[in-house]
Amino acid sequence: MTDTTIDYSVLESRSGRSGFAEHVNPELYRLLSALNLDREYVRGDGTVLFDASGRRYLDFAGAYGALPFGHGPTPIWQAVNDVRCSGEAIFVQPSVLSAAGELADRLGRIAPDGLTRTTFVNSGTEATEVALKIARAHTGRLGVLTTGNSFHGKTLGALSATGNIKYQSGFGAPVEGFDHIEFGDSDALDAALAAATGHYAVFLVEPIQGEGGVVCPPDGYLRRVREICDRHGVLMALDEVQTGLGRTGRMFAAEHEGVVPDILTVAKALGGGIVPVGAVLCRPELVNESFALRHTSTFAGNALAARVGIAVLDELTRDDCALVTGVAVLGRQLKNDLSRLAEKYPSVVTEVRGRGLLLGLELTADVNFVGRQSLLGSIADQHNLAVVICSYLLDVEGIRVAPTLFGNRVIRIEPPLTVSAVQCSRLVAALDRALGYAAVGDMDGLFGHLLGRPTVATPPALEALRPGRTPDIAVRPTDRRFAFIAHPLDLGFFAAFDPALEVFDHGERQDLLERFAASTSELEPASFVIGSGRVVGGGEATAHGDLIGLPYTSEQLLRLPTERALAVVGGAVELAISRGATVVGLGGYSSVITGNGLGLGATTRPITTGNTFTAAASLRAVRRVCRERVIDVARARVTILGAAGAIGRTIGMQLAGEVGSIVLVGRRGESSVIAPKLWAAAQEMVASARAGAGSGDLAAAAHAVDGDLDDLIRSRHVEFFTDPVAAVEDSLIVIAATSAPHALIDPTDLMEGAIVCDVAQPPNIGRDVRSERPDVTVFDGGIVRVPSGSDFGLTYGLAPGLTYACMAETMLIALSGEFGLRSIGTTLDGDSVERLGELADVHGFALAEATRWREANR
């Protein structure tokens, strides 16, 4: 047997990573991994963390305030060791808890005057629960008033007090009795209490909203709250779980206004970064015997936690509270430095907030902050710019920060209270570089690290990449509203969306798309706003629209499980509606994967696929080219790729009476060569030929055989193929309208002088036809010119002034208000085809010039 040395630490690390990813929180692991935030920290020392490779990271997240002295502080470990060496019993409920009594006495001496009764808990959320129970038990009332955007914990009562519905949804919160008013509005508090005399037991509020985005109230707010609560006979409770014990430069944030609440909650810092400890302080007369004898806890007030809490207070009060005083000084300097960054990058940083070492850097949500139509602008619009910068800071600069829970535009800066001025300067310098990349829209600088690209040491000068910010297209009161859902058809189109992406190759673009898709969740939509624009139609009609993007190529969308695909597109529709859209167009494969909209509940959602006008525009283009080339359409053989689909089927029905013969190309059926949908499409086309007044050979033959499809197949007026190459080789006119995510026809497959109308996105016709077959006329039947005076250049890879016909249908419906023209399902109405064509003339939409190939696909 070979003697092998096994590194068990490596095995444990791998097991720990896979165990967390598979059994603890795979959803969180996926989100962290998408942005390279999935670090495993194997050691901590003060403000520094170390990963398994030995890399150092400055920790400016600080466990959301739970690390007053950093990682592994010696005085706190000493307190733990002292308990171990003394043999003091830790869990002895119920009995006289001497250590808990000593900690309670110490807390009472440093707390605001009169808060001498302490109830111990194990966490901040438990502290909230106890505060609510004390208030209700003392007053005999059940009403609880808190503020919007607040955070008080995640147990059911605390979650009900929390002012964010996104985190309450699905959990039965808020339970009865909880109401919310605007934070910082003392008049709203006065009005709420006056309107419900005798109803509310307590008003619970944070001195600074931490998870809400480090939001500070107006000066004097807490003093005004104290006066209003006293006047209405309602208790005032301050949630100082995050602000308490030195975080803001005072022992408690209430001291900044000289306010004494009735109830005060603390936690986080009280555990010294080693054990979970919390406490609720209140006036002693608020706790009656009923509460005291019925509210107990197995772990709260245990000797180990209490000894740790005492050690924490020792450190905070040492040398006349020197550490807390230093927090005030260093916090002011750091805030000033961050404010200078805000002045340097006004397009990126909208505000610097906070007090002491609880600071927030709020980033822009302006979709146009680096110019019209940019991925970075879309990320900002979705409030995700902060997490992108957090990813950069961690991966490139070795500095750990995090967005706040609710205010996810805000980067939380909450280091240990022992952080040094030098370390703060390092953070500011790193932020300077990150914000510099963002300000100029440098995708390589911000995202290159995710792709393994070398880091550029210094970002380019401001305005070096983007000469100026394009003014917003603001919504006017007279504008009708629409939106269009789009996605990159392939990795080439991904760069066409934003030129800043051209620096990445196809593999890197694929990686980025997959990361963007993986970084979404039920709480954060997979869609984002790409940009906006205005369309000016006839009769002074105007419409303002948003382009909503999906982070998937055509192939990626097709691979999504049905449930996920519907959720992704449905989320984009809801985002569009929330922004005011009255009609939403499904572009690209968002129509295909939703069954032409039917899978989204088309009867209850204002959606359209754009297929009707795409068919109308294609028909007009084919007829025009045939007129220009003097083609005898009545004898022409027409092949329709994707004949069973909505667009191919509709074009076939409209052309059937005009042409000589039709070839239908589709999938093979399960029990026969001809699939049922393809057979049904052929029957509809033959019926249309017989019903019309067309003069084509197919119409004549259909009349002669009374529309018998078998006879028309035998006479070759109607043919079926499953091989697209064989189908087009003898056809003068080819309509390409499949949902294949790749080209089906090469240059050598087409007959001499063929006319090809390619409606498909991505194209069904190979990109090299233009150079290799100058005899063939290939044009995109799905491209139209928007009306003059419009400003809507937000399309993938098209020249200014052009848009896709499916998007144009959405615009036409918005401009006209004729919502009944929308396209849903595979059966399109012929009258709607004609009506949309008429509306195109009314509002100034024109067919784009027929070309041998579209410029975007060179």
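Conventions used here
Residues numbered from 1 in each chain as written. Predicted model: local features only at pLDDT ≥ 70, side-chain atom pairs only at ≥ 80, totals over all residues. Heavy atoms only, no water. Buried < 20%, exposed > 50% of the residue type's maximum accessible area, 1.4 Å probe, protein only. Helix = DSSP H or I, 4+ residues; strand = E, 2+ residues; numbered from the N terminus. Pairing = 2+ DSSP bridges. Axes fitted to C-alpha atoms, helices over the stretch in contact; angles between N-to-C directions. Parallel < 35°, antiparallel > 145°, perpendicular 65-115°, else oblique. Left-handed = near helix turned anticlockwise from the far one by under 90°. Contact = heavy atoms within 4.5 Å. Nonpolar A, V, L, I, M, F, W, Y, C, P; charged D, E, K, R; others polar. Salt bridge = Lys/Arg side-chain N within 4 Å of Asp/Glu carboxyl O. Polar contact = N/O pair within 3.5 Å; in protein donor to acceptor, adjacent residues only side chain to side chain. Phe/Tyr/Trp six-rings, centres within 6.5 Å; stacked < 30°, edge-to-face > 60°. Lys NZ or Arg CZ within 6 Å of the ring centre and 35° of its normal.

Peer 1: Please clarify how the pairing of strand 17 (residues 528-536) should be interpreted in this entry.
Peer 2: Two faces belong to every sheet, and in a regular strand the side chains alternate between them. Of all 9 residues in strand 17, 8 are buried; the element is thus mostly enclosed. Pairing analysis gives 8 bridges linking strand 17 to strand 18 (residues 542-549), with the strands arranged antiparallel. The residue of strand 18 that forms the bridge with valine 535 is alanine 543. A loop of 5 residues connects strand 17 with strand 18, the two strands running antiparallel in sequence, and glycine 539 in this loop sits at a positive phi of about 60°.

Peer 1: When you look at the packing of helix 11 (residues 303-344) against helix 14 (residues 421-439) in this model, what are you seeing that I'm missing?
Peer 2: To characterise two packed helices, one gives the angle between the axes of the helices and the distance between these axes. Helix 14 packs onto helix 11 with a crossing angle of 15° between their chain directions and a minimal axis gap of 11 Å. Relative to helix 14, the element helix 11 lies roughly parallel. For the crossing formed where helix 11 meets helix 14, the hand is right-handed. On the side of helix 11, the interface is formed by Leu330, Leu334, Asp337, Leu338, Leu341 and Lys344, while helix 14 contributes Ala421, Cys424, Leu427, Val428, Leu431, Asp432 and Leu435. Its residues placed into classes, the contact of helix 11 with helix 14 shows 10 nonpolar, no polar and 3 charged.

Peer 1: How should I be thinking about the pattern of salt bridges in this particular structure?
Peer 2: If charged atoms from side chains of opposite charge come close, those side chains can pair. Under the criterion given, the structure shown has 47 salt bridges. Measuring nitrogen to oxygen at the nearest pair gives 3.0 Å for the salt bridge that ties aspartate 697 to arginine 635. Pair noted here: aspartate 697 is in helix 24 (residues 697-704) and arginine 635 is in the loop between helix 21 (611-628) and strand 21 (637-641), with a separation of 62 residues, a long-range link. A relative accessible area of 27% places aspartate 697 in the partly exposed class. On the accessibility criterion, arginine 635 (52% relative accessible area) is exposed. For glutamate 684, the salt bridge is made with arginine 649, and the minimal N-O distance between the two is 2.8 Å. Highlighted residues: glutamate 684 in helix 23 (residues 676-691) and arginine 649 in helix 22 (residues 646-655), separated in sequence by 35 residues. Taking the relative accessible area as the measure of exposure, glutamate 684 reaches 26% and is therefore partly exposed. Residues joined by salt bridges that share partners form a network here, namely Asp187, Asp190, Arg224, Glu227 and Arg231.

Peer 1: In this structure, what is going on with the side chain of arginine 353? I would like to understand it.
Peer 2: Structurally, arginine 353 can be placed in strand 11 (residues 349-355). Polar side-chain contacts of arginine 353 include one of 3.0 Å to the side chain of glutamate 362.

Peer 1: Just to check I follow, could you spell out the packing of aromatic side chains for this structure?
Peer 2: Working definition: an aromatic ring pair is given by the centre-to-centre distance plus the angle between the planes. Across all of its chains, the model carries 5 aromatic pairs by this definition. Seen in terms of ring centroids, tyrosine 392 and tyrosine 437 are 5.7 Å apart; in terms of plane orientation they differ by 70°. Their pairing is edge-to-face. Highlighted residues: tyrosine 392 in helix 13 (residues 385-397) and tyrosine 437 in helix 14, separated in sequence by 45 residues. Centre to centre, the rings of tryptophan 679 and phenylalanine 720 are 5.8 Å apart; their planes meet at 15°, and the pair counts as stacked. Here phenylalanine 720 lies in strand 23 (residues 718-721) and tryptophan 679 lies in helix 23, a separation of 41 residues in the sequence. In this structure, arginine 43 is placed above the aromatic ring of phenylalanine 50, and the distance from its NZ or CZ to the ring centre is 4.0 Å.

Peer 1: Is there a simple way to think about the sheet that holds strand 13 (residues 399-400) in this case?
Peer 2: Either a parallel or an antiparallel arrangement is found when strands of a sheet pair, and the pairing is made through backbone hydrogen bonds. Pairing within the open sheet is mixed, and its 4 strands lie in the order 1-2-3-13. Strands with a single pairing partner mark the edges of an open sheet, and in this sheet they are strand 1 (41-45) and strand 13. Bridge analysis of strand 1 against strand 2 (residues 48-51) gives 4 bridges, and the strand direction is antiparallel. Bridged to tyrosine 41 within strand 2 is aspartate 51.

Peer 1: Whenever I open this one, the side chain of asparagine 122 confuses me. Can you help?
Peer 2: Following the sequence through the fold, asparagine 122 ends up in the loop between strand 4 (117-121) and helix 5 (124-139). By relative accessible area, which is 18% here, asparagine 122 ends up buried. For asparagine 122, the side chain forms a polar contact with the side chain of glutamate 126, separated by 3.2 Å.

Peer 1: Help me understand the sheet that holds strand 17, please; the structure alone is not making it clear to me.
Peer 2: The mixed open sheet is built from 5 strands, whose spatial order is 17-18-16-19-20. Single-partner strands in this sheet number two, and they are strand 17 and strand 20 (607-608). In the packing of helix 28 (residues 805-816) onto the sheet, the strands contacted are strand 16 (480-486), strand 17, strand 18, strand 19 (584-586) and strand 20, and the crossing angle to strand 16 comes to about 165°.

Peer 1: What's the story with the packing of helix 4 (residues 98-110) against helix 11 in this structure? I'm lost.
Peer 2: Following both chains from N to C, one finds helix 4 and helix 11 inclined at 30°, their axes separated by 8 Å at the closest point. Judged by the angle between their axes, helix 4 and helix 11 are roughly parallel. Crossing geometry of helix 4 relative to helix 11 is assigned as left-handed. Taking contact as the criterion, the partners of Ala99, Ala100, Glu102, Leu103, Arg106, Leu107 and Ile110 in helix 4 are, on helix 11, Ala303, Ala306, Arg307, Gly309, Ile310, Leu313, Asp314 and Thr317.

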